[in-house]
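# A structural walkthrough
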Amino acid sequence: MANYAKPAGGGGCRGATRCGCRKVVATNCENSKSFEVENRALRLREVATAMQQYQDEPFPSAASMHGNSGSPGFGGAAHDINRLHPLGVGTGDDGVDEGPGGGGGAGGGGAGGGNIIIIGTGPAFHPRIGGLGLNAYGAASADENTMRLNAANGVFTSSSGAGGAVGAAMTSATGMHGSLSAPNGRSAGDWEYFDEAGYIRGGALRTGEDPYIRNRFNQEASDALPSNRDIPDTRNPMCRTKKYREDLPETSVIITFHNEARSTLLRTIVSVLNRSPEHLIREIILVDDFSDHPEDGLELAKIDKVRILRNKKREGLVRSRVRGADAAVAGVLTFLDSHVECNEKWLEPLLERVREDPTRVVCPVIDVISMDNFQYIGASADLRGGFDWNLIFKWEYLSATDRSTRQNDPTTAIRTPMIAGGLFVIDKAYFNKLGKYDMKMDVWGGENLEISFRVWQCGGSLEIIPCSRVGHVFRKRHPYTFPGGSGNVFARNTRRAAEVWMDDYKQYYYAAVPLAKNIAYGNIDDRLALKQKLHCKPFKWYLENVYPDLQVPESFEFGQFKQGPTDCLDTMGNLVDGTVGLFQCHNTGGNQEWAYTKQGQIKHDDLCLTLVQFARGSEVVMKECDSSENQRWTLREGGFLRHNKLNVCLDSRDHHEHGVTAQRCNSALETQRWKFVANGKYA
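The protein goes by Polypeptide N-acetylgalactosaminyltransferase in an unreviewed UniProt entry, where it is assigned to Ceratitis capitata. UniProt, in the comment section headed Cofactor (unreviewed entry), describes the protein in these words: "Mn(2+)". Annotation of the protein in UniProt includes, under Pathway (unreviewed entry), the sentence "Protein modification; protein glycosylation."

### Topic: helix α14 (residues 525–533)
Taken as a whole, α14 has its buried residues at R527, L530 and K531. Each buried residue of α14 lies within a common arc of 100° when the element is viewed along its axis, so the set occupies one face. Exposed and facing more than 90 degrees away from the buried side of α14 are D525, Q532 and K533. Two residues or fewer past α14, H535 is found with a positive phi of approximately 55°.

### As for the confidence of the model for the protein
Across the protein, the average pLDDT comes to 76, with 70% of residues at or above 70. Segment residues 1–131: pLDDT under 50, and 297 contacts once partners within four positions in sequence are set aside and those in other chains are kept. Counting contacts from residues 136–191, a segment whose pLDDT is below 50, to residues more than four positions away or on other chains yields 148 contacts.

### Side note on the environment of K302
Among the structural elements, K302 can be located in the loop between α6 (295–298) and β8 (306–310). In this structure K302 comes out as buried when scored by relative accessible area, which is 11%.

### Details of the state of the cysteines
A full pass over the atoms with the stated rule returns 5 disulfides. The disulfide partner of C239 is C467, and the S-S distance across this bridge is 2.0 Å. When the S-S torsion is -80°, as for the bridge of C239 with C467, the disulfide is left-handed. Here C239, found in the loop between α4 (219–223) and β6 (251–257), pairs with C467, found in strand β17 (residues 461–473); they are 228 residues apart in sequence, far enough to count as distant. Taking relative accessible area as the criterion, C239 reaches 1% and is therefore assigned buried. With its sulfur 2.0 Å from that of its partner, C608 forms a disulfide with C625. A torsion of 100° about the S-S bond marks the disulfide between C608 and C625 as right-handed. One end of the pair, C608, is in strand β23 (residues 607–611); the other, C625, is in the loop between β24 (618–624) and β25 (633–636), with 17 residues separating them in the sequence.

Each value, and the rule that gives it
Residues numbered from 1 in each chain as written. Predicted model: local features only at pLDDT ≥ 70, side-chain atom pairs only at ≥ 80, totals over all residues. Heavy atoms only, no water. UniProt positions renumbered as here; feature names shortened; annotations may be inferred. Buried < 20%, exposed > 50% of the residue type's maximum accessible area, 1.4 Å probe, protein only. Helix = DSSP H or I, 4+ residues; strand = E, 2+ residues; numbered from the N terminus. Arc of directions from axis to C-beta. pLDDT = per-residue confidence, 0-100. Contact = heavy atoms within 4.5 Å. Disulfide = S-S within 2.5 Å.

Right under this line is the structure:
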């Protein structure tokens, strides 16, 4: 089924004259005849340009043909340009099908292909921005002498491996259907749009399958939506009248994915192509991080401007993004997640900020796409990214002063201490100078923290641009696995960032997340050397100039609460609202490590011992620390942990059945005597 995607702006390419299409050069859309003639001439020039690129191959977005052609510039061996565009699919050493012309040979025995922009006219034609135009896709057949289109999959076949692609381009340019003389004398077939419905069916749910099981969002709801669905324009009205400079740089869009739902991945690509000025999108590079089904990405390589790289093993977000960045042709990189939808005029405000200052790293406002019904919901533009000392990203409202100032001009950029990490634009040369990503981070998590610290401390800045909006599917759980467990991977990555960039302030991270100290973080010598080479500022500067709202915690001691010679207060592995008990002391921290603060809080990570009821015999559970009265305890002479407000003390008499409870203080009871053994102090 042909997919006719809507052009940028949401209103063009409708009606007989199709005014509003990007390729329009006619000044009078009422004169439809003049309009069509001028538009056709433009298409012919574009095809000629595409064919010249195909022959000369000055950049990796075009792949050389295999085979012997009678025409100059069309034959010879293929250029294996980092295996970027699997148009002629071959088998590599690892058995993975990827790369242009994997099995080439003399006499046209190999496959071939080229990233040719195919433009066309005629009754069934719509420009690329009105649909998913196909890249040329050549596949040689030893027993065929004519070029044809395999209507089932949009594949051109030819004995030369070259004529099909060129002939298709010429056919689409002239608007003629049927036979067309190609340079080698063979005829060319017609072409069609990307088969959206067939592609989605290829990854559809099985009958009775839980729609949430694969992706942790409702795939059934996603699959039911078209790739070019309408979404609300969530920008402030002042953004809609804003004009942008005409000398904006083009960008390479990099999207990494692993077992992504086909419908969300396709909708991401279509939203980029349909809602971006065509000349600003140099390419879309898909990096398949070793998905279970390689064809999920390979089929998308048929779409104009889309290139595909497939990892030979699971690499994770960081290394996959760096691979995509290294392969990118444009001077500006745009990183996107694989389940987003770009909104109207999303790209221009981002590129303008980078064009004005290449040390800026800029992000859109991230709207919400419901994981249940895929409703598109606008987010507040009065938010920035931040974190607590546990180094977990959070959204926080701008100060009242900043919000008041922004009322005068809600289009101004917002400085943000941290970015969410999934969606941002950065100058490629600056990305390389800054050291790309920490390549020793695994899978996902912590990389946004590390790059945020690095950008700010090494001379750059982070901004959220309110006039740029991109929707993102937010999930409650990850659909993929983490080797070693997600908690350990996140702690390892975060610890690497803390050890390199936080100087002595990392102690507050370890105080908030004591278990992180037990996670090995590997060698960081290269990142420390980078920090020195770039003359980066200390973390103290970051706190004072970028994030003064992050208050340094008061000093406190940490250690164990012992009872008798052998037992210690222990979380018993419980979390929020869980009770605590006694367990034999093992002196390794973990569940038995507690902080005792000046405020009288007994803390484990970010949880505090809390009196549930102001009554004797009340349970004591762990709750988020909030400085409330029922979380304050005083260690009195004799070892009694007495509540600040009531005459009750922590008592272990019933710890086997009910955990540690709060009982009336009694100096005769050994079950109420505790000794705090400090292992250290955070000052």
